[in-house]
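Given next are the chains, with one letter for each unit.
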Amino acid sequence: MAGVHGEPVAAPGPLPLRTRALAQESGRAREFLAAGEWRLSPADAQAVTAVLARLSAPLPARRGPAEKIRATDRDRRLQRVLRTAVHHLDAGAVSPPAAALLAAVARALLPWHAAPNPPKAAAAPRYATVPGTADGSVPPTAAGEALLPELIALFTALAATSAPGAVPLTPAVRPWQVRYSGRFRHYSRPGPSVWAAETVACPGCGGKDGPWTVTCDWHRAALGCPCGVVNREHGLSLSEIWLVLPEA
């Protein structure tokens, strides 16, 4: 599949898929499986099963399907995969290799963060250009769907490791570190359809724009400020950090 085992999928237009991490993490997961080094924990199994259900969900059968309705259904399926991956990533219960894979899936499907159903608040997260806005950009649906077959095969193989009686086995995943210039925002939902956002500032100097030194072990992330203070109590979820970082 282009973008998982080969070159990243390059969709026409302003919203190409960011699949480099997906290629790396999918390949790593397959290596773990082939070596018998990864058998899912209960939390991993729950996440993998939920994402697999979204990946393999058929489009709804409609009477007289109009082209526009079918296009919306195709985008909604990809959006649900993204949101399910982010939900389990940010819950903090999965193992580091599962978190890395979920994050890579979410990064590849970022064009569907707000398409076709954007969050109903101005402060809702915006990780990239929002599809359907005044710039006329739309998500590359065909490219997103091209990722599905091998992701279904990978997540099916992962799910099979959690058979009854199987002892969980988690491979080691190396921590990573990256420099990032820009702001991080923490989002919360105090009520239905209501979002609140807070820009993270250094507790030492109050700086908000970095450049940050981001260190992460897929359990927690630390933000290092140029002033020398390292902040581990920033309150950011993994997706709020990972999904705004540039493609490495």
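Here, the structure is the one placed above.
Predicted model only: the values in this text are computed from it and were never measured.

Visitor: Looking at this model, I keep getting lost on the overall build of the chain. Mind explaining?
Guide: A tally of regular secondary structure across the chain gives 7 helices and 6 strands. Counted from the first residue to the last, the chain has its helices and strands arranged as α-α-α-α-α-α-β-β-β-β-β-β-α. Taking all 248 residues of the chain together, the buried fraction comes to 45%. For the chain, contacts bridging at least 24 residues in sequence account for 71% of all contacts bridging at least 6. Total accessible area computed for the chain in this model is approximately 12,400 Å², and 55% of it derives from carbon and sulfur atoms.

Visitor: In this structure, what is going on with the pairing of strand E2 (residues 185-191)? I would like to understand it.
Guide: Where a strand is regular, its side chains alternate between the two sheet faces. Bridge count between E2 and strand E3 (residues 194-199): 5 bridges; the pairing is antiparallel. Opposite Arg185, over in E3, you have Thr199 as the bridge partner. Taking the residues that link successive antiparallel strands as the turn, the E2-E3 hairpin has 2 residues, and the phi of Ser193 there is positive, at about 60°.

Visitor: I tried to follow the sheet that holds strand E1 (residues 176-180) on my own but got confused; where do I start?
Guide: The strand order E1-E4-E5-E6 describes an open sheet built from 4 strands, whose pairing is antiparallel. Looking at the sheet topology across the chains shown, the edges are occupied by E1 and strand E6 (230-231).

Visitor: Help me out: how do you make sense of helix H3 (residues 67-91) in this one?
Guide: Because each turn of an α-helix spans 3.6 residues, side chains separated by three or four positions in sequence point in the same direction. Counted at 1.5 Å a residue, the expected span for H3 with its 25 residues is 36 Å, and the 36 Å between its end C-alpha atoms agrees. Taken together, the buried positions of H3 are Asp73, Asp75, Arg77, Leu78, Gln79, Val81, Leu82, Thr84, Ala85, Val86, His88 and Leu89. Following H3 by one or two positions, Gly92 adopts a phi angle in the positive range, close to 80°.

Visitor: In this structure, what is going on with the environment of Leu78? I would like to understand it.
Guide: Relative to the helices and strands, Leu78 is located in helix H3. The spacing of Leu78 and Trp112 is 34 residues in sequence and 6.6 Å in space, taken between C-alpha atoms. Apart from the residues within four sequence positions on either side, Leu78 is in contact with Leu109, Trp112, Thr141, Gly144, Glu145 and Leu148.

Visitor: Mind showing me how you'd approach the environment of Ala114 here?
Guide: Structurally, Ala114 can be placed in the loop between helix H4 (96-108) and helix H5 (141-146). Ala114 gets classed as buried once you look at its relative accessible area, which sits at 8%. As a C-alpha pair, Ala114 and Ala124 span 10 residues in sequence and 9.4 Å in three-dimensional space.

Visitor: Whenever I open this one, the packing of aromatic side chains confuses me. Can you help?
Guide: Geometrically, a pair of aromatic rings is defined through the distance of the ring centres and the angle of the planes. Within the structure shown, the criterion is met by 7 aromatic pairs. Where Phe32 meets Trp38, the ring centres are 6.3 Å apart and the plane angle is 85°; that geometry is what we call edge-to-face. Like Trp38, Phe32 is buried. Members of the aromatic cluster, connected to one another through ring pairs, are Trp176, Trp218 and Trp242. Its end group placed over the ring of Trp242, Arg107 keeps NZ or CZ at 4.2 Å from the ring centre.

Visitor: Explanation requested: the environment of Ala108 in the structure shown.
Guide: With respect to the element layout, Ala108 can be found in helix H4. Between the C-alpha atoms of Ala108 and Leu17, which are 91 residues apart in sequence, the distance is 5.4 Å. Among residues more than four places away in sequence, those in contact with Ala108 are Leu17, Arg18, Thr19, Leu22 and Leu147.

Visitor: Looking at this structure, how should I read the pattern of salt bridges?
Guide: Under the criterion given, the structure shown has 7 salt bridges. Note that Arg107 and Glu247 form a salt bridge whose closest N and O atoms lie 3.4 Å from each other. Here the residue Arg107 occupies a position in helix H4, and Glu247 occupies one in the segment after helix H7 (238-242), the gap between them amounting to 140 residues. One network of salt bridges, with partners in common, ties together Arg74, Arg77 and Glu145.

Each value, and the rule that gives it
- Residues numbered from 1 in each chain as written.
- Predicted model: local features only at pLDDT ≥ 70, side-chain atom pairs only at ≥ 80, totals over all residues.
- Heavy atoms only, no water.
- Helix = DSSP H or I, 4+ residues; strand = E, 2+ residues; numbered from the N terminus.
- Buried < 20%, exposed > 50% of the residue type's maximum accessible area, 1.4 Å probe, protein only.
- Contact = heavy atoms within 4.5 Å.
- Areas by Shrake-Rupley, 256 points an atom, 1.4 Å probe, with all protein chains shown as cover.
- Pairing = 2+ DSSP bridges.
- Expected span 1.5 Å × (residues − 1).
- Phe/Tyr/Trp six-rings, centres within 6.5 Å; stacked < 30°, edge-to-face > 60°.
- Lys NZ or Arg CZ within 6 Å of the ring centre and 35° of its normal.
- Salt bridge = Lys/Arg side-chain N within 4 Å of Asp/Glu carboxyl O.

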